[in-house]
Amino acid sequence: LAHRRLGRALDRRFRVADVEQVLARVLDHPEHDELDVDDVLVAGQHQAFRDHVALAVGAAIALLALSAGIQRSVEEGFDERGSQLAVLRRGATSVFGDLLPESLLNPIAQTPGVGAASPELAVFSTTAQQRSVVVLGWPIDSFVWANMPIKSGRKPAAGEVRSVVLGDALAESLGLKSGETFEIFEEVFQITGIAGYRSVMNRSLVIMPLAELQELTFRPGQVTGFTVRMDGHSSITKLEELKARLE
C-alpha cells in the first residue's frame, strides 16, 4: 500500500527481533514520510489535476489511516497472545513469509533472556463460505494457548484431531457456535471453542494445533516463525538486548 509497506514505527514499537532476521518490515511508512505522486502533471491536464487533488489527498489520508489501523491491530494481536518478540526468517516481508525449521525452537528457547518460545505456522485459506481467513497453528502445550481467553466452549485437548477455535467476530459473521462444525481445507472440523480476544486481528482468526495445520498444508516440521516471551520483567533495553542475541 505504500513505499515501505505501511509503517516504520513498527520497527520501534512492535519489538521485533530477527532470527535470520526477526520480524519483517511489514508495516513501514512511505520513504522519508512522503507520499509520492509521479508523472501526474501532463501538458494540458493541469485543470484535471486540480479537479482531482481533493480526491487524491483524501485517498492518501485514507491509506495512512489504514496503515495506522493495521499496525495497531497487529501489535495488539501479538500483545494479547503474550508475545513480546516475533522471530522470522531474515528477509521475510510478512508473518506469512519464508518457512523455518521447527527444530529452531530449542536454540531460541535456550537463548538467555527468553522465558518461553512457541513455533507458529500462519497461512491464508478460504472457508466453505468463500470467506478468506488467516489460520494459525500452535503446539497444543504452547503458552499462546494458555493465554487465549475463551468466550464459549474450550480449547482443543491433547491428541484431539480436526478441532479448531474461532475468533468471536469470525464465528458471528459465519453464524457458528462452539460445538458446531466448520469446513476449511476441504475438511470438516469441530469447533471446540470461541475465543474472546479484543483485537480486530485475533477476533477473526482460525486457530488449530500446529501438527494438524502442518499436515493439511504439507509443511511437516516447518513454521513461519516463533513467538517469544521474555524471562522476567521486560524493558525496551532488555528487548533490544534479546533481539541482538537472537539475530
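Summarised in this report is the structure supplied together with it. (Residues numbered from 1 in each chain as written. Predicted model: local features only at pLDDT ≥ 70, side-chain atom pairs only at ≥ 80, totals over all residues. Heavy atoms only, no water.)

What to know about the overall build of the protein
Selection criterion: Strands here are runs of E lasting at least two residues and helices are runs of H or I lasting at least four, both read from the DSSP assignment and numbered beginning at the N terminus. Burial classification: accessible surface area is computed with a 1.4 Å probe over protein chains only, and a residue below 20% of its type maximum counts as buried, one above 50% as exposed, and the rest as partly exposed. By definition, residues are in contact when any of their heavy atoms lie within 4.5 Å.
Helix and strand counts for the protein come out as eight helices and 11 strands. Burial statistics for the protein: of 247 residues in total, 43% are counted as buried. For the protein, the share of sequence-separated contacts (at least 6 apart) that also reach a separation of at least 24 residues comes to 72%.

Looking at the pattern of salt bridges
Counted only if it meets this: Salt bridges, as used here, are contacts in which a Lys or Arg side-chain nitrogen is within 4 Å of a carboxyl oxygen on Asp or Glu.
Across all of its chains, the model carries nine salt bridges by this definition. In this structure, E215 and R162 form a salt bridge, with 3.3 Å as the shortest nitrogen-oxygen distance. Note that E215 is positioned in helix α7 (residues 210-216) and R162 in the loop between β5 (150-153) and β6 (163-167), a separation of 53 residues in sequence. In this structure R162 comes out as buried when scored by relative accessible area, which is 19%. A salt bridge links D168 to R203; the shortest N-O distance between them is 2.8 Å. Here D168 is found in helix α5 (residues 168-174), whereas its partner R203 is found in helix α6 (residues 200-203), with 35 residues between them in sequence.

What about the environment of K238?
Summarising the element assignment, K238 is placed in helix α8 (residues 236-246). Take K238: its relative accessible area is 37%, and that puts it in the partly exposed class. A C-alpha to C-alpha distance of 8.0 Å links K238 and G113, two positions 125 residues apart in sequence.

Some remarks on the nonpolar core
Defined as follows: The nonpolar core is taken to be a set of buried Ala, Val, Leu, Ile, Met, Phe, Trp, Tyr and Cys residues, with the residues joined through side-chain atoms within 4.5 Å.
Core analysis: the largest hydrophobic core is formed by 33 residues, its most contacted members being V135, V164, L166, F182, V206 and V228. Here this core takes four residues from strand β3 (residues 114-126), the largest share from any one element.

Overview of the packing of aromatic side chains
For clarity, the threshold we go by: To pair, rings of Phe, Tyr and Trp, with the six-membered ring standing in for Trp, must have centres within 6.5 Å; the planes then decide the type, stacked if under 30 degrees apart, edge-to-face if over 60, and tilted in the middle. A ring is considered to have a charge above it if a Lys NZ or an Arg CZ atom is located within 6 Å of its centre and within 35 degrees of its normal.
Enumeration according to the criterion identifies one aromatic pair in this entry. Their ring planes at 80 degrees and their centres at 5.3 Å tell us that W138 and W145 sit as a pair that is edge-to-face. The ring of F143 carries R229 above its face, with NZ or CZ at 4.7 Å from the centroid.

Some points on the environment of F124
As for its position among the elements, F124 is in strand β3. For F124, a relative accessible area of 58% gives the class exposed. Distance from F124 to V206, taken between C-alpha atoms, is 9.9 Å for residues 82 residues apart in sequence.

Quick look at unusual backbone geometry
Positive phi, close to 55 degrees, is recorded for F185, a residue that is not glycine. Located in the positive-phi region is F218, a residue other than glycine, with phi close to 55 degrees. Position of F218 relative to the elements: it lies in the loop between α7 and β10 (222-223).

Notes on the pairing of strand β8 (residues 187-195)
Selection rule: When DSSP finds two or more bridges between a pair of strands, those strands are recorded as paired.
Note: β5 against β8, three bridges, orientation antiparallel. Residue pairing across strands places S152 opposite I194, the latter belonging to β8. Two elements, β6 and β8, share five bridges in a ladder whose sense is parallel. Its bridge partner lying in β8, S163 is registered against Q190. With four bridges joining them, strand β7 (residues 181-184) and β8 adopt antiparallel strand pairing. Each residue of the ladder has a partner; that of T181, found in β8, is Q190. Between the antiparallel neighbours β7 and β8 lie two residues, among them F185 with a positive phi of about 55 degrees.

Thoughts on the environment of A195
Its place among the elements puts A195 in strand β8. When its relative accessible area of 1% is taken as the criterion, A195 is described as buried. Taking C-alpha positions, A195 is 8.8 Å from G153, a pair spaced 42 residues apart along the chain. Sequence-distant contacts of A195, defined by excluding residues within four places in its chain, comprise M148, P149, K151, V165, L166, G167 and D168.

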